[in-house]
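Report on the structure
What follows is each chain in one-letter form.
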Amino acid sequence: MAHLRASDDLTLAYAQGRVTAFDRAWQLEVERHRAQGSSASFLGADSVAWDTFARQCRLDDTARRCHEALDAQTAAWVGAYVDGVNDGLAAGAARDERFGRTGLVPAPWEPWVPLSVWTATHVLFAGFATKLWRERVARALGDDAVTLFATDGPGTAGSNGWLVPGDRTTSGSAIIAGDPHRFIEDPGVYQQIRLSCPDYDVLGLAVPGVPGLGHFGHTGTAAWAITNAMADYQDLYAEQLRPAADGAGVEALGPDGVWEPVHRHTETITVAGGEDIEVEVLETARGPVIVPADDAPTETAGSGTGATGRGTAATAPTAAGQSLSLRYPPRVREDLGFAALPALLRARTVADIDRALDGWAEPVNVVHAADSAGGLLHRVAGAVPLRDDANRLRPVPAWDPRHAWQGGWAETPAEPVQGFAVMANARGIASPLGVEFAPPHRANRIRELLSGSADWSPKAMAGVHADTYLASAEPLLALLPSFEDLTPAAAALRARLLAWDRHMAADSADATVFAAFRTATVRRFAADPVFADLAGAPSGPEVFHPWLYLVPRIGYALEGLLATPLLPALDRAAHVRAALEETAAAGAPDTPWAEVHRLTPWSALPDPEAQWPGLGGDHDCVNATSSVPGFTDLTARASAARYVWDLGRREDSLWAVPLGADGVTGTPHHRDQLPLWARCELVPVVTDWTRLTKESI
């Protein structure tokens, strides 16, 4: 792990950029190209869908505009980081054979690239693609069903965080702990690092390619951590487009009934091993067009009546031939909140952190913070536009003035910390800002575990991180006692499931059996005729397809679907009973959960020789190693880092990441933390400079 010490903040930012480039040149160049929509130039055709989205969404142009709007001091700080990256890229690339294998040659970073990386990392974080799914549901099942699959059942976003005040700790000082849940990538999405200069000495988790420590940091006297607030702050607009009168341009129907000019140009995506692809880029007054008319839904608006029988053309906002544009705050405000990053590094108290976060913009987060003097903070930070509530649910008509943004921004809530504070993406402090949240199970379980002691230490927090209790199993299991006349095998399986302790422990064969039963249930639900209009392959841009498949949607929403009154034709009990019989007939597997629940991280260039560990946990456990119920028991999403910040003695803090500090495959520190992370073990934070090996850059 890099511990960097410099004479001033700009030299330190330079050092952070240079060290990151030396350790993670491949990762940095992959992220830069993804942000700029040019990754297919060395990764091939599989990257075209993302590159097309990045260009049509104008991610890099948005970052450039945000950079131009930075204050001079922040721009200089970001520029110093970029200078360091540029000075370290050649040496970093020389360490990594993937550059030679793909023919990728590092190119100098432009000053705004860190903002571009940040924008690309978070543009899908708020899940606006869920609005495409809700539109599909409304067409198939009627408007009343628009939130039928709401992820107050598990969703694709999630993190844990908890703050324990000093009156409940062994040291008398607060402890902040938690873990961000993200897709696990190789190299890892977080970088353990320490940044020290005369103005500050801060350690934490950096996003490679971005200076500072935006999400998790400890300054010695103050610390902060975040989770996704699950806020809704990106809107999709159905656009009516037509050729302009001059025949050369395009116009869009605006909310005042006037046809407005549309920005239009084409860009070329170079594809390794394939033909170049021309991409048309359109932008209306609302924002970039990310679903062209040719890719828009082909159903007639309001044609779906489905199970509820109430689909109406009057309420369905989109129809065949209409494009969809995206309006998102960074492009509207020309601000990502980057000025908060250097301010956080200088924080000495909770009040300092609070002031810094007043300028936070993207993404919208729930924050815990504490300081060594006893200060505590629990707040939301980020930019959420004021607009009509309907904008939050589905694409809305661009020509209706009701759906225009109102020009202001929602207040970000804050709450006093009483007892302890927990953030796990559930309804709570951020409820006024969102639509769908994570179920309460993780948050409730963390509160239950924390309530079991008033004497918490940093080391004891590992037990909270590792907890595998699956509360969301109960509604499905609760149906089993009512079944009569089961086959002997199914009756035995029922008895086994009801006796199970509900823990998705790595060594538990019962957990494997439950997962098999759950999979059979999900698939039988998905095959029911009531969902026939949702069962087909998704249409539209490929980048949004993960949000649009029926089986994962049922898997994540199963808890709600077992109880909803909106689907009277769905015979839940019959499906669950049949799934029980099916699982029993197949032979209940006597396999530990970790043998089938294995890590499968994303990599731009996968290592075919890599061996990845099996894990305990599941999507609704505190140890949230997300499978996709009904589709796979493998996990690509889990804790991208774990941390415990001790406000009494920073050197008693603990942390771990899934892989290691070095981004180069095969090096000693590339995956040296993987076995510890898989067991939910944490490693000590080192702050004593005499224990470190000094190298000069």
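Notes on the structure follow.

Parameters and conventions
- Position labels on residues start from 1 in each chain and follow its written sequence.
- Owing to the predicted nature of the model, reporting of local features is limited to residues with pLDDT of at least 70; listing and counting of side-chain atom pairs is limited to 80 or more, with chain, interface and lining totals taken over all residues.
- Side-chain metrics in this entry use all non-hydrogen atoms of the structure; hydrogen atoms and water are not considered.
- Strand pairing follows a simple DSSP-based rule, namely that at least 2 bridges must link the two strands.
- The secondary structure listing takes helices from DSSP runs of H or I that are at least 4 residues long and strands from runs of E that are at least 2 residues long, numbered from the N terminus.
- Here an axis means a line fitted to C-alpha atoms, over the contact stretch when the element is a helix, while the angle between two N-to-C directions is reported on a 0 to 180 degree scale.
- Joining through side-chain atoms within 4.5 Å is the link that ties buried Ala, Val, Leu, Ile, Met, Phe, Trp, Tyr and Cys residues into a set, and such a set is a nonpolar core.
- We call a residue buried when its accessible area falls under 20% of the maximum for its residue type, exposed when it is over 50%, and partly exposed in between, using a 1.4 Å probe and counting protein chains only.
- When checking whether two residues touch, look at their non-hydrogen atoms; a contact exists if any pair is within 4.5 Å.

Some details on the sheet that holds strand β6 (residues 216–218)
With mixed pairing, seven strands are arranged side by side in an open sheet as β1-β4-β5-β6-β7-β15-β16. Here the strands that pair on one side only, and so sit at the sheet edges, are β1 (2–5) and β16 (376–381). The average angle at which neighbouring strand axes cross in this sheet is 15°, direction not considered. With seven bridges joining them, strand β7 (residues 222–228) and strand β15 (residues 365–371) adopt antiparallel strand pairing. Within β15, the residue paired with N228 across the bridge is N365.

Quick word on unusual backbone geometry
The step from D186 to P187 runs through a cis peptide bond, and the omega angle for that step is 0°. By the element assignment, P187 lies in the loop between β3 (175–183) and β4 (191–197). For the peptide bond that leads from E362 to P363, omega is -5°, which places it in the cis range. As for its placement among the helices and strands, P363 is situated in the loop between α11 (350–357) and β15. In this model, D485 sits at a positive phi of 60°, which is unusual for a non-glycine residue. Along the chain, D485 falls in the loop between α14 (474–477) and α15 (488–499). Positive phi is not limited to glycine here, since C680 has a value of about 60°.

Things to note about the nonpolar core
Ranked by internal contacts, the top residues of the largest apolar core, which has 107 residues, are I176, F338, I353 and W645. At nine residues, helix α1 (residues 9–36) tops the list of elements feeding residues into this core. In contact with F338, not counting residues within four places along its chain, are L70, T74, V78, P114, L115, W118 and V210. One finds L493, V522, I554 and V576 within the second-largest nonpolar core, a separate group that totals 68 residues.

In short, geometric facts, not functional conclusions.
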